[in-house]
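# A closer look at the structure
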Amino acid sequence: MVHEKEIQHLNETSQVKLRITVKKEDVKAEYEKLLKNYAKTARIDGFRKGKVPPSVLERKFGEDIKIEAAQHIMETALSEVFSEIEEKPLATDIPKLEEGSDIKPDFERDFQFTVTYDVYPKIQLGSYRGLEVEQPVVKITEEDEKRELEALVEQNSFVVEKDGEASQGDIATVNYWEVNDEGNEIPQSRRSDYTFTIGNGQTLFDFDSDVIGMKKGETRTITKTFPSDYRIAELAGTTKRISVELVTLKEKKRPELNDELAQDISEKYKTLDDLKKDIRKRLEETAQNRVRAITIEGLMDKVLAQSSLVVPQSMLQAELEHTWQHFLEQNRMDENVVLRILQAQGKTKEDLFKEWKPQAEKSLKVRLLIEEMIKKEQVDATEEEIDALIKEQAANVSMQPEELRAYYEKNGYLESIKHDIKEKKLFDALLADTKIVPGAEVKFVDIFKGNR
Amino acid sequence: MNTEQIIIEPVLTEKTNQMREVGKYVFKVDKRANKYQVMRAVRELFSVHPVSCNIMNVKGKPKRGRAQPGYTASWKKAIVTLQKGEKISIFEGA
């Protein structure tokens, strides 16, 4: 059907301009085919169904049918051309008709139309081997180890009933009510079974410190005068008499740091030292992974600076939409809720996208470059490597490797796994070839700063 | 009555489509018009030469259903025969 085609690359936007010419005979044939089709089913007053002569239809709807025929022709012609040429439009983009173009066919002339669409960008890859990259040096210190241990202890602490006097940090359950000057209860001021941790300052009347020293079952009446700048405006500057009854008292027992705790945490630890060693190992692994990620980031920054490519608009838009969806998921909020919050801040979704744009563009560029490098280096993932990775992941989620593999296959994740392996192999090779310069010494907690 | 008021619209059906092929054109015309007025109107409006004109009154059909029963409007139908070979071009394919 396509009589002539003319392809023009617009490099600065990574687009292609495609001009297609279709012979007038083809247009006419298409038009008549459509007309006949409509005549078969058309319903017009005065005619039985399907008995409307095409000439009547043509007179009544001719112009519309012409436009429809043009659309049909464009569709078929485009798919015909796309199956032939190499530069196919991106999945994220729909070919757009050139503005102001005349799509009403005229049987006297050949039909011609022009579309533009985004294509996979042309990438000029800079040199990426033998670069120099600074790598932060991370040392795991006693301090880091202690912090991890502390977190473990906190996780393993348990709550027990406490006899005796309440003290800071205990968990108390109280009933309280306001009393008037004669010492009688003010109706409806009673609250029962209010549980709080003494000292965290979350009680309505701030009676934390007054509870300290009370015993279980004891009732105390206290008089409180609130300063004029008290956090609850209603109470500021007033004086209240409050009765507090301590119903139950519990304390948080922190386990002692010893071999027993280590065994409690996991059977694989025999002694506290085992646990400490393992923590250290884990910290080191985490740090190493993160340092590798930072180094790769640095490397890619350098490669990016030397390469040139243009990210197609539609790709960028799709990426931004993706980030938006991710953002919604992360905040577990409905899209409308987020939009309303943004509105309250005087922002729109578009403003947000504008903010994200540089970041999104960069990450897209990096991804495209990685893709290009994988292609250039001919990195491939073997079956064994895939199996190994799946086995590892299966162990982490305690599934059978076969099960996990079937799941991946069913959901089409296998490709992305392959890609992960390729990427890893690529960077293994690249980093081995990169001159790594030790950079500034960084604390363990600091390397996760600015982490996205 | 003005010429423009006489002819209201052409009648478009399968049957009139066929009749056109033998030079007979069917119109809905003003109820007050007679054969001569219709022929004159066709001659003046479409620059053709009518030979004869047949006229009939189409009675409104009774309609019953959701609303109150009643009739559709009655109208006058005129079949104008043209000289052999003549055509009214604006109705071609109409």
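Preceding this section is the structure that the text describes.
Residues numbered from 1 in each chain as written. Chains lettered and ligands numbered in written order. Predicted model: local features only at pLDDT ≥ 70, side-chain atom pairs only at ≥ 80, totals over all residues. Heavy atoms only, no water.

### Quick notes on the environment of K376(A)
Summarising the element assignment, K376(A) is placed in helix α9 (residues 349–377). Residues contacting K376(A), with those up to four places away along its chain left out, are L125(A) and Y128(A). (Helix = DSSP H or I, 4+ residues; strand = E, 2+ residues; numbered from the N terminus. Contact = heavy atoms within 4.5 Å.)

### A closer look at a negative patch on the surface
Residues and elements named next belong to chain A. Side chains of E256, D259, E260, D264 and D273 sit close together on the surface and give a patch of like negative charge. If you tally residues by element for the negative patch, the top one is helix α5 (residues 259–265), at 3 residues. On the secondary structure map, D259 appears in helix α5. For D259, a relative accessible area of 36% corresponds to the partly exposed category. (Patch = residues over 30% accessible without salt bridge, like charges linked within 9 Å, V, L, I, M, F, W, Y side chains within 5 Å. Areas by Shrake-Rupley, 256 points an atom, 1.4 Å probe, with all protein chains shown as cover. Salt bridge = Lys/Arg side-chain N within 4 Å of Asp/Glu carboxyl O. Lys, Arg positive; Asp, Glu negative; His and termini not counted. Charge placed at Lys NZ, Arg CZ, Asp CG, Glu CD. Buried < 20%, exposed > 50% of the residue type's maximum accessible area, 1.4 Å probe, protein only.)

### Examining the nonpolar core
Soluble, globular proteins show a tendency: their nonpolar side chains are buried together. Residue and element names in this part refer to chain A. M300, W324, L369, I370 and M373 are the most contacted members of the largest nonpolar core, which has 36 residues in total. Every element with two or more residues in this core is listed here: α6 (272–306), α7 (313–331), α8 (335–344), α9 and α12 (414–432). With 11 residues, α9 is the single largest residue contributor to this core. Apart from the residues within four sequence positions on either side, L369 is in contact with I123, L125, M300, V303, L304, S307 and L309. (Core = buried A, V, L, I, M, F, W, Y, C linked by side-chain atoms within 4.5 Å.)

### Some remarks on the sheet that holds strand β1 (residues 7–10) of chain B
All names here are of chain B. Here we have 4 strands laid out as an open sheet, ordered β1-β2-β6-β3, and antiparallel in their pairing. In this open sheet, the two edge strands, each paired with only one partner strand, are β1 and β3 (50–58). Direction aside, neighbouring strands of the sheet carry axes that sit 30° apart on average. Note: β3 against strand β6 (residues 75–82), 8 bridges, orientation antiparallel. From the neighbouring strand, I55 faces β6, where its bridge partner is A78. This element, helix α3 (residues 35–46), spans β1, β2 (24–29), β3 and β6 of the sheet and lies at about 125° to β3. (Pairing = 2+ DSSP bridges. Axes fitted to C-alpha atoms, helices over the stretch in contact; angles between N-to-C directions.)

### Description of the sheet that holds strand β1 (residues 2–10) of chain A
Adjacent strands of a sheet pair through backbone hydrogen bonds, lying either parallel or antiparallel. Residue and element names in this part refer to chain A. Spatially, β1-β2-β4-β3 is the arrangement adopted by the 4 strands of the open sheet, whose pairing is antiparallel. For this open sheet the edge positions go to β1 and β3 (96–97), each flanked by a neighbour on one side alone. With 8 bridges connecting them, strand β2 (residues 15–22) and strand β4 (residues 111–118) associate as antiparallel partners. Residue pairing across strands places Q15 opposite D118, the latter belonging to β4.

### Let's talk about the packing of aromatic side chains
To describe a pair of aromatic rings, one takes the distance between the centres and the angle between the planes. Residues and elements named next belong to chain A. Counted by the stated rule, this structure contains 10 aromatic pairs over all chains. Consider the rings of Y408 and Y413, whose centres lie 6.1 Å apart with planes at 65°: the pair is edge-to-face. Take Y408: its relative accessible area is 13%, and that puts it in the buried class. Taking relative accessible area as the criterion, Y413 reaches 39% and is therefore assigned partly exposed. Every member of this aromatic cluster is reached through a ring pair, and the members are W324, F327, F353 and W356. (Phe/Tyr/Trp six-rings, centres within 6.5 Å; stacked < 30°, edge-to-face > 60°.)

### Digging into the interface of chain A and chain B
Taken together, the contact pairs 9 residues of chain A with 8 residues of chain B. Buried surface at the junction of chain A and chain B, both sides included, amounts to about 710 Å², of which 48% is carbon and sulfur. Scanning the region where chain A abuts chain B turns up 1 salt bridge. The closest approach of N and O atoms between R48(A) and E14(B), which form a salt bridge, is 2.9 Å. Across the contact surface, chain A and chain B share 2 residue pairs in polar contact (both at pLDDT 80 or more). Counted by class, the side of chain A that touches chain B contains 3 nonpolar, 2 polar and 4 charged residues. (Buried area = accessible area lost by both parts, 1.4 Å probe. Polar contact = N/O pair within 3.5 Å; in protein donor to acceptor, adjacent residues only side chain to side chain. Nonpolar A, V, L, I, M, F, W, Y, C, P; charged D, E, K, R; others polar.)

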